[in-house]
Amino acid sequence: MSPHGEADLRTRLKTLTDDPAWKQGPASELTGRLVAATLTALTIPPGTPGPTGPRVSVAAARARSTTMTGPAPRQPAPAEPAVPAHRQQPTPARRQRHGR
């Protein structure tokens, strides 16, 4: 890495200590806030205002998410009881003959 690149990296990462907003909030969400602040520090040039939109609550976003990371949506119960695939028999078992 060139000396200029290293200085630029140091300047960008210094913004994390200058703006401690990522430290505020629940401890369980600290990692996510730190990652977001680091991404912002590395992608937005120093001196440029950061994102101006409202802060997003991670908990609220997860609660409203349509992906399956949260609680599964309610579905009707299956008509048949669940049976493991290796126990299912599509047709009755054939009788085996003993002898020749």
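Residues numbered from 1 in each chain as written. Predicted model: local features only at pLDDT ≥ 70, side-chain atom pairs only at ≥ 80, totals over all residues. Heavy atoms only, no water.

Undergrad: Honestly, the confidence of the model for the protein chain in this entry has me stumped. Any pointers?
TA: Looking at the protein chain as a whole, the pLDDT averages 74, with 71% of positions reaching at least 70. Mean pLDDT across the elements of the protein chain ranges from a minimum in helix H3 (residues 58-64), with 76, to a maximum in helix H2 (residues 30-43), with 87. (pLDDT = per-residue confidence, 0-100. Helix = DSSP H or I, 4+ residues; strand = E, 2+ residues; numbered from the N terminus.)

Undergrad: How should H2 be read in this particular structure?
TA: Residues separated by three or four positions in an α-helix point in the same direction, a consequence of the helix having 3.6 residues per turn. Between the first and last C-alpha of H2 there are 20 Å, a value that for 14 residues agrees with the 20 Å anticipated at 1.5 Å per step. Arg33, Ala37 and Ala41 are the residues of H2 that are buried. Down the axis of H2, the buried set is contained in an arc of 70°. They therefore lie on one face. Turned more than 90 degrees away from the buried face of H2, the exposed residues are Thr31, Val35, Leu39 and Thr43. (Expected span 1.5 Å × (residues − 1). Buried < 20%, exposed > 50% of the residue type's maximum accessible area, 1.4 Å probe, protein only. Arc of directions from axis to C-beta.)

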